[in-house]
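Survey of secondary and tertiary structure
The chain contents come next:
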2 protein chains.
Amino acid sequence: MPELKITYFDFPGRAEASRLALHIGGIPFTDERLLVDEFVTAKPSFPYGSLPVLTVDGQLLAQSAAILRYCGCLADLYPADALEAARADEVVNVVVEFVAGLEEIGGSAEEDDDNGVQMRVLDFVNQALPKFLGGLDRRLQSFGEGPAAVGAGITIADLAIYVCLLNIAAGAFEPVSMKVVQGYTRVVASFEMVRTHPKVVAWNNQIARKAADVRQRAEAGMPN
Amino acid sequence: MPELKITYFDFPGRAEASRLALHIGGIPFTDERLLVDEFVTAKPSFPYGSLPVLTVDGQLLAQSAAILRYCGCLADLYPADALEAARADEVVNVVVEFVAGLEEIGGSAEEDDDNGVQMRVLDFVNQALPKFLGGLDRRLQSFGEGPAAVGAGITIADLAIYVCLLNIAAGAFEPVSMKVVQGYTRVVASFEMVRTHPKVVAWNNQIARKAADVRQRAEAGMPN
């Protein structure tokens, strides 16, 4: 197994699906989480100047979908069947595209003195969002009964959906909230399957313990 | 080999890389090209209401990057080595992201009575564009000598780069022109390798002959 390091920030964002893939697969990796200052210093060393980056035996790999696919293959969370693999890629790419739209809306929403921006946010919530969630839900229905997005078990497609909704639930894309997801039953089934997966529960507990520890040390004036 | 149909419009856009992959691999497929009216009628039957769509033994597959990867695997234009495969995915995804930005600029540029829009176009040309092309060029340099983007031979990464530049050269993203590509030597080397590939030359001649035939029949008042 290659030596792996995922470099990102200390939140789920675009790296969590790959972290979870490796964690579920029981594959050791360094979970490097940069502070903004550290990112700014190291930025020129990252391909395209952005994160996440996966380091594989010292070689850099960029683009969250490419990283997730690679980690998914290592972790046996990528379908062996060619058409199911392509469906998993389809779902991952649709989610990446949707998150790019959400990020733009999140950025725009802050400039709330601009009517044009507010209209774009409203357009996105009323049109792009149901188009994505409705389209995805119908696709998952056509792929099978579920709860997994593609095939019989958890794949990178479920991880991509889970992390997208996790970011929405955490308020990362306000004003878009989890309310918008209600009714898309196959999407929610995939999300719930990942959320309640024992390894995911363990991972979330572990992250929460680390965060509590960092807070406690900060309050006590101790170094991390 | 499955029965394949690529459905898109009668221009390169987001389908040409997949068409070329199958053509280079000698894999038979139906090259379905819809008129806008036909697309509008059939739109509800496409996943997410958009094109391209690949039909594999009657099963639909959406998202151009997923389609390209699937076609690349069939055509033996996808690296066997896991890290090289991930690099090819990285390049394909970076190009898809960049083309999404170009499309937005192309759309914005038409509203030329709006100073804000003109500023966004200028920002894109001066910042996002060199960031993409410079970042991609440095990545390809780090991957090897070339001319192929990844590894020793042509892959889906080269096809994605080629079609992106082909669309720029055809004026699809005005005011962005091929001038912006000059100087990015590894990107240009990959593009030139595909452009001069005998199967690509044959494909382009075949498309040009078809287009000329359609024009001639239209001028003579004959049905296509």
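Everything quoted here is computed from the prediction, not taken from an experiment.

**Some points on the overall build of chain A**
Assigned secondary structure in chain A consists of eight helices and four strands. Against the 2.2 N^0.38 benchmark of 17 Å for 224 residues, chain A shows a C-alpha radius of gyration of 18 Å, consistent with a compact globule. The principal-axis extent of the C-alpha atoms belonging to chain A is close to 50 × 50 × 35 Å. Classification of the 224 residues of chain A by burial places 49% in the buried group. For chain A, restricting intrachain contacts to residue pairs at least 6 apart in sequence, the fraction spanning at least 24 positions comes to 66%. Of the accessible surface of chain A, which amounts to about 10700 Å², a share of 53% is contributed by carbon and sulfur atoms. The average position of the 19 basic charges and that of the 29 acidic charges among the side chains of chain A differ by 4 Å.

**Focus on helix α8 (residues 198-219) of chain B**
For α8(B), which comprises 22 residues, the first-to-last C-alpha distance of 32 Å matches the rise-based estimate of 32 Å (1.5 Å per residue) to within 8%. Backbone geometry just after α8(B) places Gly221(B) at a positive phi near 70°.

**Structural notes on the sheet that holds strand β4 (residues 59-62) of chain A**
Residues and elements named next belong to chain A. Within the open sheet, the four strands sit side by side as β2-β1-β3-β4. Their pairing is mixed. Of all strands in the sheet, those bounded by a partner on one side alone are β2 (30-34) and β4. Pairwise comparison of adjacent strand axes, ignoring direction, gives a mean angle of 25° for this sheet. Pairing geometry for strand β3 (residues 53-56) and β4, over four bridges, is antiparallel. Opposite Leu54, over in β4, you have Leu61 as the bridge partner. Running at roughly 150° to strand β1 (residues 4-9), helix α1 (residues 16-24) makes contact with β1 and β2 of the sheet.

**Concerning the pairing of β3(A)**
All names here are of chain A. Here β3 shows a buried face lined by Val53 and Thr55 and a second buried face lined by Leu54 and Val56. Note: β1 against β3, four bridges, orientation antiparallel. Within β3, the residue paired with Ile6 across the bridge is Leu54. Where β3 folds back on β4, the antiparallel hairpin that results is connected by two residues, among which Asp57 adopts a positive phi of roughly 50°.

**Some words on the interface of chain A and chain B**
At the junction of the two partners, chain A supplies 27 residues and chain B supplies 27 residues. Buried surface at the junction of chain A and chain B, summed over both partners, amounts to about 2600 Å²; 55% is from carbon and sulfur atoms. The interface formed by chain A and chain B contains two salt bridges. Asp89(B) is the salt-bridge partner of Arg69(A), the closest N and O atoms lying 3.0 Å from each other. Linking chain A to chain B there are 14 residue pairs in polar contact (both at pLDDT 80 or more). Breaking the side of chain A that touches chain B down by element, the ones donating at least two residues are β4, α3 (64-74), α4 (82-110) and α5 (115-143) of chain A. The element that contributes the greatest number of residues to the side of chain A that touches chain B is α4(A), accounting for ten residues. The class makeup of the residues in the side of chain A that touches chain B is 15 nonpolar, four polar and eight charged.

**A short note on the environment of Arg209(A)**
Along the chain, the position of Arg209(A) falls in helix α8 (residues 198-219). For the pair Arg209(A) and Ala220(A), spaced eleven residues apart in sequence, the C-alpha separation works out to 16 Å.

**Considering the sheet that holds strand β3 (residues 53-56) of chain B**
Residue and element names in this part refer to chain B. Taken in spatial order, the four strands make up an open sheet running β2-β1-β3-β4, and their pairing is mixed. A strand with exactly one partner marks an edge of an open sheet, and here the two such strands are β2 (30-34) and β4 (59-62). Strand-to-strand twist in this sheet, taken as the mean axis angle between neighbours without regard to direction, amounts to 25°. Taken strand by strand, helix α3 (residues 64-74) contacts β1 (4-9), β3 and β4, and its axis lies near 115° from that of β4.

**Regarding the side chain of Ser190(B)**
Residues and elements named next belong to chain B. By the element assignment, Ser190 lies in helix α7 (residues 185-195). Among the residues examined, Ser190 registers a relative accessible area of 0% and is labelled buried. If near-sequence neighbours (up to four positions away) are discounted, Ser190 is found in contact with Pro147, Ala149, Asp158 and Ile161.

**Some details on the relation of the copies chain A and chain B**
In screw terms, the move from chain A to chain B is a rotation of 180° and a rise of 0.0 Å along the axis, fitting with an RMSD of 0.0 Å. Such a combination of rotation and displacement between the chain copies is what one expects of a two-fold axis. Of the residues that chain A buries at the interface, 100% are likewise interface residues in chain B, meaning the two copies contact each other through the same surface.

**Some points on the packing of helix α6 (residues 156-169) of chain B against α7(B)**
Residues and elements named next belong to chain B. As a packed pair, α6 and α7 sit with axes 9 Å apart at the nearest point and diverge in direction by 90°. It follows that α6 is roughly perpendicular to α7 by the angle criterion. Only Val187, Ser190, Phe191, Met193, Val194 and Arg195 of α7 make contact with α6, whose side of the interface consists of Asp158, Leu159, Ile161, Tyr162, Leu165 and Leu166. The class makeup of the residues in the contact of α6 with α7 is nine nonpolar, one polar and two charged.

**Overview of the packing of α1(A) against helix α6 (residues 156-169) of chain A**
Residues and elements named next belong to chain A. Orientation of α1 relative to α6, taken along the N-to-C sense of each, is 130°, at an axis distance of 9 Å. On the basis of their axis angle, the class for α1 and α6 is oblique. Note on packing geometry: the crossing formed by α1 with α6 is right-handed. Here α1 contributes Glu16, Ala17, Leu20, Ala21 and Ile24 to the contact with α6, which in turn contributes Leu159, Ala160, Tyr162 and Val163. Class assignment of the residues belonging to the contact of α1 with α6 gives a composition of eight nonpolar, no polar and one charged.

What counts, and where the lines are drawn
- Residues numbered from 1 in each chain as written.
- Chains lettered and ligands numbered in written order.
- Predicted model: local features only at pLDDT ≥ 70, side-chain atom pairs only at ≥ 80, totals over all residues.
- Heavy atoms only, no water.
- Helix = DSSP H or I, 4+ residues; strand = E, 2+ residues; numbered from the N terminus.
- Rg over C-alpha atoms; globule rule 2.2 N^0.38 Å.
- Buried < 20%, exposed > 50% of the residue type's maximum accessible area, 1.4 Å probe, protein only.
- Contact = heavy atoms within 4.5 Å.
- Areas by Shrake-Rupley, 256 points an atom, 1.4 Å probe, with all protein chains shown as cover.
- Lys, Arg positive; Asp, Glu negative; His and termini not counted.
- Charge placed at Lys NZ, Arg CZ, Asp CG, Glu CD.
- Expected span 1.5 Å × (residues − 1).
- Pairing = 2+ DSSP bridges.
- Axes fitted to C-alpha atoms, helices over the stretch in contact; angles between N-to-C directions.
- Buried area = accessible area lost by both parts, 1.4 Å probe.
- Salt bridge = Lys/Arg side-chain N within 4 Å of Asp/Glu carboxyl O.
- Polar contact = N/O pair within 3.5 Å; in protein donor to acceptor, adjacent residues only side chain to side chain.
- Nonpolar A, V, L, I, M, F, W, Y, C, P; charged D, E, K, R; others polar.
- Least-squares fit on C-alpha atoms with pLDDT ≥ 70 in both.
- Parallel < 35°, antiparallel > 145°, perpendicular 65-115°, else oblique.
- Left-handed = near helix turned anticlockwise from the far one by under 90°.

These figures capture arrangement, not role.
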